[in-house]
Amino acid sequence: MITVHQNTKFNLEQGLTIENLFSSEILQNIELFKSGKLDYLIIRGMPVSEILPNTPLEIREQTFPELEKNILTTIAQYLGAISDKGIEHTIRFNLEGEGTNNETWHSHFQFKSSLFYCVRADESAKTYYLVAGNVARSAGELLPDLLTPYSYIADTPAFPLIELHDGTYTFSKYIFERSELEKFVKDLDLPDAVKMLRKIVKNVTDKKYAHAAAFLLSQLEDAQEYISYLPGDLVLLHEPRVIRFSPGYKTNIPVERARWLLAVSLEN
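Report follows, based on the coordinates. Here the structure is a predicted model, which is why all the values come from computation and not from measurement.

1. Considering the packing of aromatic side chains
Summed over the entire model, instances satisfying the criterion amount to ten aromatic pairs. Every member of this aromatic cluster is reached through a ring pair, and the members are Tyr 150, Tyr 152, Phe 159, Tyr 174 and Tyr 209. Of note, Lys 126 hangs over the ring of Tyr 226, and the distance from its end group to the ring centre comes to 4.6 Å. The cationic tip of Lys 173 hangs over the ring face of Tyr 174; the distance from NZ or CZ to the ring centre is 5.7 Å.

2. Some points on the sheet that holds strand 8 (residues 226-227)
Taking strand neighbours across the sheet as the criterion, the three strands line up as 8-5-10 in an open arrangement whose pairing is antiparallel. Sheet topology places strand 8 and strand 10 (242-245) at the edges, where each strand pairs with a single neighbour. Direction of pairing for strand 5 (residues 127-131) relative to strand 8: antiparallel, over a ladder of two bridges. When the sheet's bridge partners are listed, Tyr 128 is paired in strand 8 with Tyr 226.

3. Observations regarding the pairing of strand 2 (residues 40-44)
Of all five residues making up strand 2, five are buried, and the element is well covered by its neighbours. Burial of the side chains of strand 2 extends over both faces: Tyr 40, Ile 42 and Arg 44 are buried on one face and Leu 41 and Ile 43 on the other. For strand 2 and strand 9 (residues 234-238), the ladder comprises four bridges, and the chain directions are antiparallel. Along strand 9, the bridge assignment pairs Tyr 40 with Leu 237.

Calculation notes
- Residues numbered from 1 in each chain as written.
- Predicted model: local features only at pLDDT ≥ 70, side-chain atom pairs only at ≥ 80, totals over all residues.
- Heavy atoms only, no water.
- Phe/Tyr/Trp six-rings, centres within 6.5 Å; stacked < 30°, edge-to-face > 60°.
- Lys NZ or Arg CZ within 6 Å of the ring centre and 35° of its normal.
- Pairing = 2+ DSSP bridges.
- Helix = DSSP H or I, 4+ residues; strand = E, 2+ residues; numbered from the N terminus.
- Buried < 20%, exposed > 50% of the residue type's maximum accessible area, 1.4 Å probe, protein only.

Put into structure tokens, the structure is as follows:
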């Protein structure tokens, strides 16, 4: 993970371009991300509108703050082609006193990369990140087994837990995306990589592949790297090189001021 801080004033009067949004240091890191040399990049200190509406509770309202929307669009267009989904809300809040919604480990394999812009924060919320390249580098002698296709689930195609293409490691879509495997795994939440890997470790008879799955499971269960978003945080990450997980949490933030991110994805 690389975190950089925006420490120059924005010159928005000149029009929104990548050059007048960022310092030369940050531009260099954005170029590294664009070229694929960074798995993900966190930029802190982006501007946030002084006056914001209450967090929309229904995505279909499509109430985007203009400043953040325009900045996010400018950056996304510089990095690639924005998906047909366009900009979306990603909001986390308590539902009438119940526990805040929990996300399982996942990635979005249909996209090349995703960007997240924090408009409103909740310090109680955490988002954990795990990078396939880091897992591969820490796997040691288990790496060949992680990369080798194996029939982890009966009556399904063989697949590797981690893939390597042109020097880049990615996670398996069969574990971290909704897939046909769901119908073979009883009571599988959609998707629940931890639950799936636990079942694999328990049921796989070949010890070396069971050990490979157990290693990947341990990386999820012992993950330490996370971000608690602050207003003005901008996160750029490559799919599916990076998976993430947001545990449930208790919050004192009223529902109308819940954590609020804007998200946009780029096409492959």
